[in-house]
Amino acid sequence: MTSLKEVLGQQIPAARTRVKDLLKQHENTEIENVKVGQIFGGMRGISCLICDTSSVPPDKGLIIRGYPVAELAYRLPEEILWLLLTGTLPNKDQIENLRADLARRAAVPDYVWNVLDAMPANAHPMTLFSAGVLCLQGESVFKDRYEKGLRKEDFWDPTLEDALNIIARVPVIAAGIYRKKFNKGPRIAPDASLDWGTNYARMLGINDPKGEFAKLIRMYLVLHCDHENGNVSAMATYTVNSALSDLYYSFSAGLDGLAGPLHGLANQECLMWVLNLMKQFNGAPSKEQVANFAKETLAAGKVIPGYGHGVLRVTDPRFTCFHDFGQKHCPEDPVFKTVATVFDVLPDILKTINKIKDPWPNVDAASGSLLYHYGLTEAVYYTVLFGVSRALGVCSQAVLARALAMPISRPKSVTTDWIEKRVACGISGRQVPPAP
Ligand code: NMX
Ligand code: MLT
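Residues numbered from 1 in each chain as written. Chains lettered and ligands numbered in written order. Predicted model: local features only at pLDDT ≥ 70, side-chain atom pairs only at ≥ 80, totals over all residues. Heavy atoms only, no water.

Here we take up the overall build of the chain. When its secondary structure is counted, the chain shows 20 helices and 3 strands. What you see for the chain is a C-alpha radius of gyration of 23 Å, in line with the 22 Å of a compact globule of 436 residues. For the C-alpha atoms alone, the extent of the chain along its principal axes is close to 65 × 60 × 40 Å. Classification of the 436 residues of the chain by burial places 50% in the buried group. Long-range pairs, those at least 24 residues apart, make up 74% of the contacts in the chain with a sequence separation of at least 6. A total accessible area of about 20400 Å² is found for the chain, and carbon and sulfur atoms account for 54% of it. For the chain, the distance from the average position of its 47 positive side-chain charges to the average position of its 45 negative side-chain charges is 3 Å. (Helix = DSSP H or I, 4+ residues; strand = E, 2+ residues; numbered from the N terminus. Rg over C-alpha atoms; globule rule 2.2 N^0.38 Å. Buried < 20%, exposed > 50% of the residue type's maximum accessible area, 1.4 Å probe, protein only. Contact = heavy atoms within 4.5 Å. Areas by Shrake-Rupley, 256 points an atom, 1.4 Å probe, with all protein chains shown as cover. Lys, Arg positive; Asp, Glu negative; His and termini not counted. Charge placed at Lys NZ, Arg CZ, Asp CG, Glu CD.)

Listed below in structure tokens is the structure:
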């Protein structure tokens, strides 16, 4: 079978049976206790979501369907999309089928450009990106078929259609935003003979005589594709989609979450922090200068972007892939060298601050220096690249969630009053009050 839809159609019945059997036997089996600190602490560490596309063990980092991400870094994003959805890597015919399918779906209607052209000059590229995706919502196949009457077991099929249409179009929208926002000249039309990542690199219009920039972009698109579904962009997409809002609404919401400085915007912030550091010391700084600059940032009560993580407790393997790429292709670039010096110095400083649980670099710490090296110097654009890649993961997650008929997300909340009473009962042995 060469078509993604056929392969999924064959797999889904078994996936449904698996969950049905699990629930039949274990619906009331307890697997987790919740602490007060977790309720007030961003739900950190509570296992309460299902995500089969990827997992993030704190001591290993991203694993996609059983493959450590470093083993996948130089594969095509199309291969990763297939892997995310089906759990296996595609063969040559399947890759070509998916590549050609995405190429056929890539046309972006003019009204999207008209909307983006009407946005104010100070609109952030992520605002333009989220708006560009949202204004396509009227094209949702899911919405259309749902309105006509769609059975629950068929929800996944039009969700896959929306997913593929969105994934096909986001590089075109994203590249158009880059060309417009930074006055790079007219948009460059997609080339239907190229793969998804190479096409995106080409549409950005960066001079790339050796093809190294395209190689970096393909790797970038693989490394950022998925990271379980508890991260802000994935959870936002998942939650909105659980209301059966179609994927255009859902992914646009996910992008809005990605635009926060504690999440995807950190790649922009990180490069800016590194450039400011270099400005202060007129070029690549010494270890001592990096240490002093970092301490000043911390003393000012700011976070150091690109370091720390909600789940990871080791150097992010995605950072290592970027770092290795830089060591190989541009070891003498002053911005990359500065990023490498920061990596040498910063973890030891962060380790001295007790409250910081993860002193290691995350995915955002090195990527900007490489983009900068190849001439993509506009840091405010970097999160858009992250968003293009993240479409692969969150759209795959939505297709699988609809295939398993996951219900609307609706956890219970409690009041501070109730928590005070509840903990008092624990101490006194009084009867636990019902949740509010
Ligand atoms: N620089 C300074 N302070 C930090 C850092 C850092 N890089 N990382 C954590 N802290 C602080 C954090 O602000 C918190 O302080 P307070 O209690 O005063 O509010 C304290 O350390 C405990 O935080 P953690 O439990 O270690 O981290 P948490 O899980 O709450 O947050 C991040 C995780 C990623 C939001 C946090 O590490 C951070 O803000 N990092 C810098 C921003 C960044 O790189 N974000 C990108 C993450 C990856 N991505 O792309 O999404
Ligand atoms: C991500 O890739 O989404 C980030 O590393 C953030 C996270 O996992 O929480």
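Once you've had a look at it, read on.
A few words on the site of ligand 1. Lining the immediate surroundings of ligand 1 are 21 residues, of which H263, G306, Y307, K357 and D364 lie closest. A distance of 3.0 Å is found between an oxygen atom of ligand 1 and a side-chain nitrogen or oxygen belonging to R44. I304 is positioned such that a nitrogen or oxygen atom in its backbone is 2.9 Å from a nitrogen atom of ligand 1. In the complex, 76% of the free accessible area of ligand 1, which totals 890 Å², lies under the protein chains. Class assignment of the residues belonging to the shell around ligand 1 gives a composition of 10 nonpolar, 6 polar and 5 charged. (Near = heavy atom within 4 Å. Polar contact = N/O pair within 3.5 Å; in protein donor to acceptor, adjacent residues only side chain to side chain. Nonpolar A, V, L, I, M, F, W, Y, C, P; charged D, E, K, R; others polar.)

Taken together, H227, N231, H263, H309, R318, F386 and R390 make up the full set of residues near ligand 2. Separating an oxygen atom of ligand 2 from a side-chain N or O atom of H227 is a distance of 2.6 Å. Within the side chain of R318, one N or O atom sits 2.8 Å away from an oxygen atom of ligand 2. The protein chains hide 82% of the 260 Å² of surface that ligand 2 would expose on its own. Here the shell around ligand 2 is built from residues that sort into 1 nonpolar, 4 polar and 2 charged.

Attention shifts here to the side chain of D333. Tracing the backbone through its elements, the reader meets D333 in the loop between α16 (317–329) and α17 (334–351). Within the buried core, D333 has no salt-bridge partner, and the shortest N-O distance to an opposite charge, that of K337, equals 9.3 Å. Polar side-chain contacts of D333 include one of 3.1 Å to the backbone nitrogen of F336. (Salt bridge = Lys/Arg side-chain N within 4 Å of Asp/Glu carboxyl O.)

A few words on the sheet that holds strand β2 (residues 63–64). Across the sheet, 3 strands lie side by side as β1-β2-β3; this open sheet has antiparallel pairing. The outermost strands of the open sheet, each flanked by one partner alone, are β1 (54–55) and β3 (67–68). The sheet contact formed by β1 and β2 spans 2 bridges and is antiparallel. Bridge pairing links S54 to I64 in β2. (Pairing = 2+ DSSP bridges.)

Turning to the packing of aromatic side chains, a few remarks are in order. The full count for this structure, using the stated rule, is 12 aromatic pairs. Between F213 and Y374, the aromatic rings sit 6.4 Å apart at their centres with planes inclined by 55°, giving tilted as the arrangement. Taken together, the positions of F213 in helix α11 (residues 212–223) and Y374 in the loop between α18 (367–373) and α19 (382–403) put the pair 161 residues apart, joining distant regions of the chain. Through successive ring pairs, a cluster of aromatic residues spans F142, Y146 and F155. (Phe/Tyr/Trp six-rings, centres within 6.5 Å; stacked < 30°, edge-to-face > 60°.)

A few words now on the confidence of the model for the chain. For the chain, mean pLDDT is 97; residues scoring 70 or higher make up 99% of the total. Within the chain, helix α20 (residues 416–428) has the poorest average pLDDT of any element, 87, and helix α13 (residues 247–258) the best, 99. (pLDDT = per-residue confidence, 0-100.)

One way to put it is that helix α7 (residues 125–134) packs onto α13 with a least axis distance of 8 Å and a crossing angle of 170°. Between α7 and α13, the crossing angle belongs to the class labelled roughly antiparallel. Note on element contacts: α13 touches α7 through Y248, Y249, F251, S252, L255, D256 and L258, opposite M126, F129, S130, V133 and L134. A class-by-class count of the residues in the contact of α7 with α13 yields 9 nonpolar, 2 polar and 1 charged. (Axes fitted to C-alpha atoms, helices over the stretch in contact; angles between N-to-C directions. Parallel < 35°, antiparallel > 145°, perpendicular 65-115°, else oblique.)

With that settled, the discussion passes to the packing of helix α14 (residues 266–280) against α19. Between α14 and α19, whose axes approach to 7 Å, the crossing angle comes to 145°. Both α14 and α19 take part in a crossing whose hand is right-handed. Contacts between α14 and α19 pair N267, Q268 and L271 from the former with Y382, T383 and F386 from the latter. (Left-handed = near helix turned anticlockwise from the far one by under 90°.)

The final tally for this structure, using the stated rule, is 19 salt bridges. For R151, the salt bridge is made with E153, and the minimal N-O distance between the two is 3.5 Å. Among the residues examined, R151 registers a relative accessible area of 51% and is labelled exposed. Here D348 and K351 are joined by a salt bridge, their closest N and O atoms 3.3 Å apart. Residue D348 and its partner K351 are located together in helix α17, separated by 3 residues, close to a single helical turn. Among the charged side chains, a network of salt bridges with common partners joins K5, D101, R104, R105, R145, D157 and E161.

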